Amino acid sequence: MNDREFDVVVWGATGFTGSLVAEYLLAQYGIGGDLRWAIGGRSESKLAALKERLGSRAESLPTIVADSMDKDALSALAARTRVVLTTVGPYAKYGTPLLEACVEAGTSYCDLCAEVQWLRRMMDTYGDRAAETGARIVHCCGFDSIPSDIGVWYLQREAKRRHGEYCEKVLMVVKAVKGGASGGTAASIVNLVKETREDPEARRFVAKPYSLNPEGKRDGPRVKDQQGPVYNKALKAWTAPFIMAVSNTRIVRRSNALQDFIYGEDFVYDETIVTGPGAAGRIKALSISAGLGLLLVNAAFTPTRYVLERFILPKPGEGPDANARANGFFNVVHVGTLHNGETIKVRVTGDRDPGYGSTSKMLAESAVCLARNELAVGGGFWTTASAMGEPLHKRLVDNAGLTFDVVD
């Protein structure tokens, strides 16, 4: 690995999120410094245009041109770097050849994927081979699912330090989110709904709460994703379903299983959006639930899906402008419950819009962590918490604008 030409290659660098990752790496690590990185994509002219937009500092930034379906080209790309960072989704459509190339080359890999059905297929298909070659595969390295996964890791660390035990239950409460809609996320959601409607196996993967756990570790307490408005007595407020919970919860449960059930075999994890008390909170919870339900129903049928993709949802590659990204933020609180009923709360915040500004920094630091930090895990399919834990937490706080704090 030390003989590889690059530490990190940003694949899909000319896309909306990929260009933000490149912009961040240039600002944070420069060119010709300790981090050896390059940008890659299928269009040489678009890569050149990106370098021009990045300014004179990017003149010497290496570029790699390849087609996302050209296996030989992707194999050559993977062999040149220690880590591939990819933003090219929906991953169920475009991601498999690149992931396979990384596995065969023993190259570590990270992405923004939250497509549960594809994650399960990749783990089943390439898990054993990745363990053989030493490729460390880490999905969900953005707003899906770092605030969830590293947030729980941090809360449990603090619970153990302060109380001598881990929490048996954790609920992540989305307090506030400000940011533009993500075209890539929208495309992934629509594709997930389409696949689960057409493929019974994919539908089972998405429905089962422990579907991303390793084989033999897919049992646990009965839990169910929130489907509609719920009044939470502990929060004294109404809550609504969180659209990202379907992937986040399964990633956190996988982290627990990969670490030999460090949080306990009866550990329970859920996510929700708090909408407030009283009638206003209930109406807001109803509105969010109805909007989410309407989106999923329309995405399931070809005619309405066409209307969504053509006229309503943002397109892949589209996103908020620089001002909206800079003024965005997120604020989530993890509420952990100990065996004696006491609680501990950890607030996780990000200083940019979650879908792009903050996500691009989280993904970039995940890739750098995989490339540069000494990690305790070998090849295989990991999560951010099980693979990187403390080193990634430090990078997120030091460089990426995230905070993790115990609150009253």
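We now turn to the structure provided with this report. Here the structure is a predicted model, which means the values were calculated and not measured.

Cut-offs applied
- Residues numbered from 1 in each chain as written.
- Predicted model: local features only at pLDDT ≥ 70, side-chain atom pairs only at ≥ 80, totals over all residues.
- Heavy atoms only, no water.
- Helix = DSSP H or I, 4+ residues; strand = E, 2+ residues; numbered from the N terminus.
- Buried < 20%, exposed > 50% of the residue type's maximum accessible area, 1.4 Å probe, protein only.
- Contact = heavy atoms within 4.5 Å.
- Phe/Tyr/Trp six-rings, centres within 6.5 Å; stacked < 30°, edge-to-face > 60°.
- Pairing = 2+ DSSP bridges.
- Axes fitted to C-alpha atoms, helices over the stretch in contact; angles between N-to-C directions.

1. Here we look at the environment of A135
- Mapped onto the elements, A135 comes out in the loop between α6 (116-133) and β6 (136-138).
- For A135, a relative accessible area of 0% gives the class buried.
- Along the primary structure A135 and E104 are separated by 31 residues, whereas in three dimensions their C-alpha atoms are 7.9 Å apart.
- The contact partners of A135, leaving out residues within four places of it in the chain, are C102, V103, G106, T107, A130, G379 and G380.

2. A few points about the packing of aromatic side chains
- Inspection of the entire model under this criterion finds nine aromatic pairs.
- The interplanar angle of 75° and the centroid separation of 6.4 Å between the aromatic rings of F143 and F242 together place this pair among those described as edge-to-face. Of the two residues, F143 sits in the loop between β6 and α7 (146-163) while F242 sits in the loop between β9 (237-240) and α10 (245-258), which places them 99 residues apart along the sequence. We note that F143, like F242, is buried.

3. Re helix α5 (residues 96-105)
- For α5, every residue scored as buried is listed here: P97, L98, L99, A101, C102 and V103.
- Looking one or two residues past α5, G106 carries a phi angle of roughly 70°, positive in sign.

4. Some remarks on the sheet that holds β9
- A sheet is described by the order of its strands in space; here seven strands give the open sequence β8-β9-β10-β7-β11-β12-β14, paired in mixed fashion. Each of the sheet's edge strands pairs with one partner strand only, and the pair in question is β8 (230-232) and β14 (402-407). The sheet shows a mean angle of 35° between the axes of neighbouring strands, direction not considered.
- Examined bridge by bridge, strand β7 (residues 169-178) and strand β11 (residues 329-337) share nine bridges and lie antiparallel to one another. Each residue of the ladder has a partner; that of V170, found in β11, is G336.
- Set on the sheet, helix α14 (residues 354-372) makes contact with β7, β11, β12 (343-350) and β14; between it and β11 the angle comes to about 70°.

5. A look at unusual backbone geometry
- A cis amide bond links G89 with the next residue in sequence, P90, at an omega value of 0°.
- Tracing the sequence through the fold places P90 in the loop between β4 (81-86) and α4 (91-94).
- Following D144, the chain continues into S145 via a peptide bond in cis, with omega recorded as 5°.
- As for its position among the elements, S145 is in the loop between β6 and α7.
- One non-glycine residue, K236, lies in positive phi territory at about 55°.
- Note on placement: K236 falls in the loop between β8 and β9.
- Phi is positive for D260, close to 55°, though the residue is something other than glycine.
- As for its placement among the helices and strands, D260 is situated in the loop between α10 and β10 (268-276).
- Overall, the relative accessible area of 61% leaves D260 in the exposed class.

6. Some remarks on the side chain of S19
- With respect to the helices and strands, S19 occurs in helix α1 (residues 16-29).
- Using a relative accessible area of 15% as the deciding quantity, one classes S19 as buried.
- S19 has contacts with A13, L50 and R53, leaving out every residue within four places of it along the chain.

7. So, the pairing of β12
- Bridge count for β11 against β12 is eight bridges, and the pairing is antiparallel. From the neighbouring strand, T337 faces β12, where its bridge partner is T343.
- Connecting the antiparallel pair β11 and β12 is a turn made up of five residues, with G341 showing a positive phi of about 95°.
- As paired strands, β12 and β14 are joined by six bridges and run antiparallel to one another. Bridged to V346 within β14 is V406.

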